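# Residue-level structural notes
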Amino acid sequence: MRKKIIAGNWKMNVKPSEAAALVKAVAEATAQYGNVETVCCTPAIDLPAAIAAAAGTHVGIGAENCHWKESGAYTGEISPAMLVDAGAKYVIIGHSERRQYFGETDETVNQRARAAIAAGLVAIVCVGETLEEREGGKLVEVIERQMNVGLKDVTAADCAKLVVAYEPVWAIGTGKTATPDQAQEVHALIRATLAKLVGAEAAESVRIQYGGSMKPGNAAELLAKKDIDGGLIGGAALKAADFAAIVAAAN
Ligand code: PEP
């Protein structure tokens, strides 16, 4: 049985002065659902406040990106070791907004994911196709490439620290959601691709989240699907009540 994991992606939306209150509200509203792994991924500058607010609760805190080097002359970057030192437990890697606006490639996703896992973080590695790719019949090709290159040299042992998020780009922040059947089809493809990389047993153990306009009204039917093991939540993670309703649906 894979433990369901619901992670919020706050993006560039919550100020440091607001972070503690949101984490505390999430912790309170989800306290009764301790069997769901509940995570808030925050802007780097919010991490100290978020981590302090989550102390003693079941909520884990993560970052939204990291570099692959441990230290050095990389102005503006944050290393996995720094995230661990700050008390973060998770990091999102290769979100489509990083790919679209910041030149992230499958190769840099691979470097970041392997460095994050090696440092002891849980890497939430995002994959997903654009509408153009889906409509052009390239869905399978795109997902397989993102998985094969993005997770190259990730081992079966690394899978304990790996979560994959399927986020169709056309569903992120648009209000459009993949249907449960559409999502399940890609989740099964992700698991099959992963099995070729790390073996069937390790692939079975990896949680695959769905992300893309998941909200209280559609979470239960998505999470009921066989290979949908959680959610990566953008907009609905900014209101504790909405986020908690999704955690409740995963419970
Ligand atoms: C996301 O950005 O990871 C996401 C899923 O956003 P939203 O829930 O707002 O579509």
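One can find the structure itself at the top, above this paragraph.
A few points on the structure. (Residues numbered from 1 in each chain as written. Predicted model: local features only at pLDDT ≥ 70, side-chain atom pairs only at ≥ 80, totals over all residues. Heavy atoms only, no water.)

## Some remarks on the pairing of strand S8 (residues 230-233)
Where we set the bar: A 1.4 Å probe rolled over the protein chains alone gives each residue an accessible area, and that area as a share of the maximum for its type sets the label: buried under 20%, exposed over 50%, partly exposed in between. In this description a helix means any DSSP run of H or I spanning at least four residues, a strand means any run of E spanning at least two, and both kinds are numbered starting from the N terminus. Two strands make a pair as long as DSSP finds a minimum of two bridges between them.
The alternating pattern of S8 places Gly230 and Leu232 on one face and Gly231 and Ile233 on the opposite face, and all of these are buried. Pairing of strand S1 (residues 5-9) with S8, which is carried by 4 bridges, proceeds in the parallel orientation. Within S8, the residue paired with Ile5 across the bridge is Gly230. As defined by bridge partners, strand S7 (residues 207-211) adjoins S8 across 2 bridges and the pair is classed as parallel. Its bridge partner lying in S8, Gly211 is registered against Leu232.

## Some remarks on the site of the ligand
As a reminder, the rule being used: A molecule or strand has a residue near it when one of that residue's heavy atoms lies within 4 Å. Under this definition, polar contacts are N or O atom pairs within 3.5 Å; protein pairs additionally need one hydrogen-donor-capable and one acceptor-capable atom, and for neighbouring residues in sequence, both atoms have to be side-chain atoms. For the area figures, the Shrake-Rupley method with a 1.4 Å probe applies, and any residue is considered shielded solely by the protein chains shown. Throughout, the ten residues Ala, Val, Leu, Ile, Met, Phe, Trp, Tyr, Cys and Pro are labelled nonpolar, Asp, Glu, Lys and Arg are labelled charged, and all others, Gly among them, are labelled polar.
Surveying the vicinity of the ligand reveals 14 residues, the closest of which are Lys11, His95, Glu167, Gly173 and Ser213. A distance of 2.8 Å separates an oxygen atom of the ligand from a polar side-chain atom of His95. In the model, an oxygen atom of the ligand is placed 2.7 Å from a nitrogen or oxygen of the Ser213 main chain. Protein chains shield 95% of the accessible area of the ligand, which is 300 Å² for the free molecule. The residue inventory of the shell around the ligand, partitioned by class, reads 4 nonpolar, 8 polar and 2 charged.

## A look at the nonpolar core
Put simply, the rule is: The definition of a nonpolar core used throughout is a set of buried Ala, Val, Leu, Ile, Met, Phe, Trp, Tyr and Cys residues joined through side-chain atoms within 4.5 Å.
Counting 68 residues, the largest nonpolar core has Ile6, Ile61, Ile93, Ile143, Leu162, Ile190 and Tyr210 as its most contacted members. With 6 residues, the single largest contributor to this core is helix H8 (residues 180-198). Counting 12 residues, the second largest nonpolar core, distinct from the first, contains Val39, Tyr90, Ile124 and Leu232.

## A few points about the packing of aromatic side chains
To keep things clear, this is the line we draw: What counts as a ring pair is set by centres within 6.5 Å for rings of Phe, Tyr and Trp (its six-membered ring), and what kind of pair is set by the plane angle: stacked under 30 degrees, edge-to-face over 60, tilted for all other angles. A ring has a charge above it when a Lys NZ or an Arg CZ is no more than 6 Å from the ring centre and no more than 35 degrees off the ring normal.
Under the criterion given, the structure shown has 2 aromatic pairs. Here Tyr101 and Phe102 contribute two aromatic rings whose centre-to-centre distance is 6.4 Å and whose plane-to-plane angle is 85 degrees, an arrangement assigned as edge-to-face. Classification of Tyr101 as exposed rests on a relative accessible area of 56%. On the basis of relative accessible area, Phe102 is assigned to the exposed category, the value being 55%. Its end group placed over the ring of Phe102, Arg98 keeps NZ or CZ at 4.2 Å from the ring centre.

## So, helix H7 (residues 139-150)
Formally: The span you would expect from a helix comes to 1.5 Å times its residue count less one. Here, the arc refers to the directions that run from the helix axis to the C-beta atoms. Only heavy atoms matter for contacts: two residues are in contact if any of them lie within 4.5 Å across the pair.
For H7, spanning 12 residues, the distance from its first C-alpha to its last is 16 Å, which sits close to the expected 16 Å at 1.5 Å a residue. Taken together, the buried positions of H7 are Leu139, Val142, Ile143, Gln146, Met147 and Gly150. End-on view of H7: buried residues confined to an arc of 125 degrees, all on one side of the axis. On its buried face, H7 sits against helix H4 (96-101), helix H5 (106-119), strand S5 (122-127), helix H6 (131-135), strand S6 (162-166) and H8.

## Quick notes on the environment of Asp153
With respect to the helices and strands, Asp153 occurs in the loop between H7 and S6. Overall, Asp153 belongs to the exposed group, its relative accessible area being 52%. Spatially, the C-alpha atom of Asp153 lies 9.9 Å from that of Gln111, the residues being 42 residues apart in sequence. Setting aside residues no more than four positions away along its own chain, Asp153 makes contact with Arg114 and Asp158.

## With respect to the side chain of Lys11
Structurally, Lys11 can be placed in the loop between S1 and helix H1 (16-30). Excluding its chain neighbours within four sequence positions, the residues that come into contact with Lys11 are Pro43, Glu64, His95, Glu97, Ile172 and Gly234.

## Description of the pattern of salt bridges
Formally: By salt bridge we mean one thing: a side-chain nitrogen of Lys or Arg within 4 Å of a carboxyl oxygen of Asp or Glu.
As enumerated under the stated definition, the model contains 14 salt bridges in all. Among the ionic pairs, Lys226 bridges to Asp227, the shortest N-O distance being 3.4 Å. Looking at Asp227, the relative accessible area reads 3%, which means it is buried. A single network of salt bridges, built from pairs that share partners, joins Arg2, Arg191, Glu204, Lys226, Asp227 and Asp229.

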